[in-house]
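Summary of structural features
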Amino acid sequence: MPDNISASLAPDRDGLSVEISGVDRPNIIAFYTRMLDAANLYIDSLSFHLKICPTFISPTPSAHDKVRFILEIYAKGASAGLDHMAKKLKDSASMREEKRVTEAVCPPIDWRNGSYLFGKLHLPDRPGITADVAEIIGKPRLIQENWTDGNFIHMLAQTENSSGPLGGVPYFHLHFQAVIPEESVCRDIIRDLNLKFSQDHPANHLELLTIPGNISRH
């Protein structure tokens, strides 16, 4: 099932508003944010959340009551790059092919079952931060012959541009909540996030909090 995508340039053509919705699946955020990174665009702000369907009550939901998502991004960059990205996102055939070759091997996760991982990241801005976080959490990991990963419930991100006569370094703020169905996968994700953003990076500020839930134990 294709995502619903709308993309529009700002009136002065220095920004691109993107709204994407569809059926939840692994690596949605990583897929779209890495696409923006590859086009040399940067994320000024981002919002992701699941739209919980009230009929989602059975252990094996049907196609009519699967959890859906909505992802909103405001990207900035060169006007030519923004215009090209707006056209690409509106090309449904091109987007279907992009998703076909990058589809994750993990099935969607039931957000009701698993440990909850809350994260807060504050660091000097650079390309690819959101995609890096999303790819670590959405990385397929083999657990007793089954592939699994983490799945986002919410994410908010914002670039804080420095101001004043002397300028300064812009900072990127990111908050997220993810559900992780396997205890060992949760530990691996925390380790990888710390290696990527905390260890040997004194300018970065990373906070992680886990809340155990109804999870599988190995």
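No experiment lies behind these values; they were computed from the predicted model shown. Numbering of residues starts from 1 in each chain and follows the order in which that chain's sequence is written. Per-residue local features are limited, in this predicted model, to residues with pLDDT of at least 70; the limit for side-chain atom pairs, both in listing and counting, is 80 or more; totals at the level of whole chains, interfaces and linings are taken over all residues. To get the side-chain values, all heavy atoms of the structure are used, and hydrogens and water are removed first.

Labels follow the DSSP assignment, with helices taken as runs of H or I lasting at least four residues and strands as runs of E lasting at least two, numbered in each case from the N terminus. Secondary structure assignment for the protein chain yields five helices and 10 strands. Each residue's exposure class comes from its accessible area (1.4 Å probe, protein chains only) as a fraction of the maximum for that residue type: buried when under 20%, exposed when over 50%, partly exposed otherwise. Of all 218 residues assigned to the protein chain, the portion counted as buried reaches 44%. The criterion used for residue contact is that any of the two residues' heavy atoms lie within 4.5 Å. The contacts of the protein chain with a sequence gap of at least 6 include a subset with a gap of at least 24, amounting to 75%. When the accessible area of the protein chain is evaluated, it comes to approximately 11,400 Å², of which 54% is carbon and sulfur surface. Computed with the Shrake-Rupley method and a 1.4 Å probe, the accessible areas treat only the protein chains shown as cover for residues.

Moving on to the pattern of salt bridges. The salt bridge definition used is simple: a Lys or Arg side-chain nitrogen within 4 Å of an Asp or Glu carboxyl oxygen. Here the structure, examined in full by the defined rule, presents 13 salt bridges. For Arg-126, the salt bridge is made with Asp-132, and the minimal N-O distance between the two is 3.1 Å. Each of Arg-34, Asp-37, Arg-126, Asp-132, Glu-135 and Lys-196 takes part in salt bridges that share partners, so that together they form one network.

For the rest of this paragraph, the subject is the packing of helix 1 (residues 28-38) against helix 2 (residues 79-90). Here an angle of 0 to 180 degrees is reported between the N-to-C directions of two axes, which are lines fitted to C-alpha atoms, with helices fitted over the stretch in contact. Here helix 1 crosses helix 2 at 145 degrees, and the two axes come no closer than 11 Å. Where helix 1 crosses over helix 2, the two elements pack in a sense that is right-handed. Across the interface between the two elements, Tyr-32, Met-35 and Leu-36 of helix 1 pack against Met-85, Lys-88 and Leu-89 of helix 2. Residues are grouped as follows: nonpolar covers Ala, Val, Leu, Ile, Met, Phe, Trp, Tyr, Cys and Pro; charged covers Asp, Glu, Lys and Arg; every other residue, Gly included, is treated as polar. Looking at the contact of helix 1 with helix 2 residue by residue, the class counts come to five nonpolar, no polar and one charged. Note on convention: near helix rotated counterclockwise from far helix by under a right angle means a left-handed crossing. Clockwise means right-handed.

Right, let's talk about the environment of Asp-44 for a bit. Here Asp-44 shows up in strand 3 (residues 42-51). Between the alpha carbons of Asp-44 and Ala-75 there is a distance of 5.4 Å; along the sequence they are 31 residues apart. Once residues within four sequence positions are removed from consideration, Asp-44 is found in contact with Tyr-74, Ala-75, Lys-76, Ala-157, Gln-158, Thr-159 and Asn-161.

Moving on, we come to the nonpolar core. Among buried residues, those of type Ala, Val, Leu, Ile, Met, Phe, Trp, Tyr and Cys that are joined through side-chain atoms within 4.5 Å constitute a nonpolar core. Phe-48, Leu-71, Val-133, Phe-152, Phe-176, Leu-193 and Phe-197 are the most contacted members of the largest nonpolar core, which has 52 residues in total. Considering each element in turn, this core owes the most residues, seven residues, to helix 1.

Glancing now at helix 4 (residues 129-137). Structurally, the α-helix is built with 3.6 residues per turn, so residues lying three or four positions apart point the same way. Most of helix 4 is tucked away: eight of the nine residues are buried. For helix 4, every residue scored as buried is listed here: Ile-129, Thr-130, Ala-131, Asp-132, Val-133, Ala-134, Ile-136 and Ile-137.

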